[in-house]
Amino acid sequence: MPWQETAPLCAACAAGLAKPGPLICQRCGAVLKSGGAHCYACRGSQARQYKCRIIRSAFVFNPSSRALVHALKYARADYLAHYMGTLMGRQFAQYPELAEAEVLVPVPLFPKRGRKRGYNQSELLAHRLAEAVGLPVNTTALARVRNTVSQTTLNRQGRLQNMSGAFLCKRPAELKGKVVLLVDDVATTGATLEGCAEALRAAGAKKVLAYTFARE
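As a convention, each chain's residues are numbered from 1 in the sequence order in which they are written. pLDDT decides what is reported in this predicted model: residues at 70 or higher carry local features, side-chain atom pairs at 80 or more are listed and counted, and totals for whole chains, interfaces and linings draw on all residues regardless. Think of the side-chain values as coming from all heavy atoms in the structure, minus any hydrogens and water.

Caption draft 1: Spotlight on the sheet that holds strand S5 (residues 179–187). With parallel pairing, 4 strands are arranged side by side in an open sheet as S1-S6-S5-S2. Edge strands, defined here as strands with exactly one partner in the open sheet, are strand S1 (52–60) and strand S2 (103–106). The sheet shows a mean angle of 25° between the axes of neighbouring strands, direction not considered. Only strands that DSSP links by at least two bridges are regarded as paired with each other. Numbered from the N terminus, helices here are DSSP runs of H or I no shorter than four residues, and strands are runs of E no shorter than two. Summarising the sheet, S5 and strand S6 (residues 207–215) pair through 8 bridges and their orientation is parallel. Across the sheet, residue leucine 182 finds its bridge partner in S6, namely alanine 210. Strand contacts of helix H5 (residues 121–133): S2, S5 and S6, with the helix running at about 125° to S5, the strand carrying the most contacts. Whether two residues touch is decided by their heavy atoms; if any such pair falls within 4.5 Å, the residues are in contact. Angles shown run from 0 to 180 degrees and are taken between the N-to-C directions of axes, each axis being a line fitted to C-alpha atoms and, for helices, limited to the stretch in contact. Across the sheet, helix H7 (residues 191–202) is in contact with S1, S5 and S6; its angle to S5 comes to roughly 160°.

Here is the structure:
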């Protein structure tokens, strides 16, 4: 079938986009292979220590979703954000626990990295998602103030430490008392989302939730 910008995946690859589950951690959304309510990192009282209260994702990170994420993130395929954000919007209703969100906030890039890439993929996704779900987007209140090292070589604890203090809410009045929904392309350990939530809660956000295109 010819490639189409509005449907960039072939029928077989599009069919490969799968929602996480059937069992997921009630806090972080990680797929649970053997039941239970929480994953190891969120079980018991540990779930309450996180500033990001809930993480949900439209799809699992598999060959189909990975192809889209990597093209958007590394191949300058910014046009894919409309397609991916639309899919996120369609899946959004599957998660009623996100319905209390009042404003979308994309995970920010460090300025130097943003200039090199030419755009923030999370911001593009957030704008399309906002159109689909009827929520406003705030792209100016939250900033990344530290150029963190790559997360790929770090374990879970290292990732959390790497992201702690990496973000700052520069316009707290815009989000104070709000239920904020962070938007990003992929959640792995949730460390980046936790770093953002830490800054938002310190600035007075009532609650922080998160929604990503894919979940590793």
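There is more to say, and it comes next.
Caption draft 2: Local environment of the packing of aromatic side chains. Aromatic pairing here means that ring centres of Phe, Tyr or Trp (its six-membered ring) are within 6.5 Å. Orientation follows from the plane angle: under 30 degrees is stacked, over 60 is edge-to-face, and everything else is tilted. In the structure shown here, the tally under the stated rule is 3 aromatic pairs. A centroid spacing of 6.3 Å and a plane angle of 70° characterise the contact between tyrosine 95 and tyrosine 211, whose relative ring orientation is edge-to-face. Separated by 116 residues along the polypeptide, tyrosine 95 in the loop between helix H3 (80–92) and S2 and tyrosine 211 in strand S6 bring together distant segments of the chain. Tyrosine 211 matches tyrosine 95 in its accessibility class, with the two residues each being buried. Here a set of aromatic residues connected by ring pairs shows up, and it is made of Phe92, Tyr95 and Tyr211. As a reminder, the over-ring test applies to NZ of lysine and CZ of arginine, requiring each to be within 6 Å of the ring centre and within 35 degrees of the ring normal. The ring of tyrosine 95 has lysine 19 sitting right over it, with the charged end atom 5.0 Å from the ring centre. Over the ring of tyrosine 50 we find arginine 27; its NZ or CZ atom is 3.9 Å from the centre of that ring. Each residue's exposure class comes from its accessible area (1.4 Å probe, protein chains only) as a fraction of the maximum for that residue type: buried when under 20%, exposed when over 50%, partly exposed otherwise.

Caption draft 3: Spatial organisation of helix H2 (residues 63–74). End to end, H2 covers 16 Å across 12 residues, agreeing with the expected 16 Å (1.5 Å per residue, within 8%). Among the residues of H2, Ser64, Ser65, Leu68, Val69, Ala71 and Leu72 are the ones counted as buried. For H2, the angular spread of buried residues about the axis comes to 165°, placing them on one side. When the buried face of H2 is taken as reference, the exposed residues oriented beyond 90 degrees from it are Pro63 and Tyr74. Where H2 is buried, its residues meet helix H1 (11–15), S1, H3, H5, S5 and S6. Helix span is expected to be 1.5 Å times the residue number reduced by one. This arc describes the spread of directions from the helix axis toward the C-beta atoms.

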